[in-house]
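What follows is each chain in one-letter form.
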Amino acid sequence: MTSYPEQFRFVLPALESKCNEFHHFDYDTFTEEDLWEFCVKKKWRKKDINTMHLYEMINDIMDMRASDFIAYHQVEALKKARWHDDSTLENIQHLLRPPNKK
């Protein structure tokens, strides 16, 4: 379920267009909902979306770059990482352990 469904419905054609553009450049995992959530959580986090003009939203969507979207998702994944999980710590220790020389 997307946040702000009324606004999402209005800008869906712009989101579809941007999604098609990204798919053309082999970013096949992007969906319209993903792009919308990126805008809501990153681009417009300090704005009142209910009072934004339609042209502002569409301009922001059409100016979006794939690199911005990917960087945002990488940071979010790091925030959600379970750093205190035992298996994660074991993986980190294994990566940082120098190889045994024979």
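That block above? That's the structure.
This report concerns the structure included in the present document. From a predicted model like this one, the values you see are computed outputs, not experimental measurements.

Parameters at a glance
- Residues numbered from 1 in each chain as written.
- Predicted model: local features only at pLDDT ≥ 70, side-chain atom pairs only at ≥ 80, totals over all residues.
- Heavy atoms only, no water.
- Helix = DSSP H or I, 4+ residues; strand = E, 2+ residues; numbered from the N terminus.
- Buried < 20%, exposed > 50% of the residue type's maximum accessible area, 1.4 Å probe, protein only.
- Contact = heavy atoms within 4.5 Å.
- Polar contact = N/O pair within 3.5 Å; in protein donor to acceptor, adjacent residues only side chain to side chain.
- Patch = residues over 30% accessible without salt bridge, like charges linked within 9 Å, V, L, I, M, F, W, Y side chains within 5 Å.
- Areas by Shrake-Rupley, 256 points an atom, 1.4 Å probe, with all protein chains shown as cover.
- Salt bridge = Lys/Arg side-chain N within 4 Å of Asp/Glu carboxyl O.

Our focus in this paragraph is the environment of Lys18. Positionally, Lys18 belongs in helix α1 (residues 5-24). Classification of Lys18 by relative accessible area gives buried; the value is 2%. Between the alpha carbons of Lys18 and Leu35 there is a distance of 8.5 Å; along the sequence they are 17 residues apart. Contact partners of Lys18, with chain neighbours within four places excluded, come to Leu35, Ile61, Met62 and Met64. Looking at Lys18, its side chain comes within polar contact range of the main-chain oxygen of Met62, at 2.9 Å.

What follows is about a nonpolar patch on the surface. Residues Phe10, Leu54, Ile58 and Met62 make up a contiguous nonpolar surface patch of roughly 330 Å² in combined accessible area. Tallying contributions element by element places helix α3 (residues 54-62) first for the nonpolar patch, with three residues. Note on placement: Phe10 falls in helix α1. For Phe10, a relative accessible area of 46% translates into the label partly exposed.

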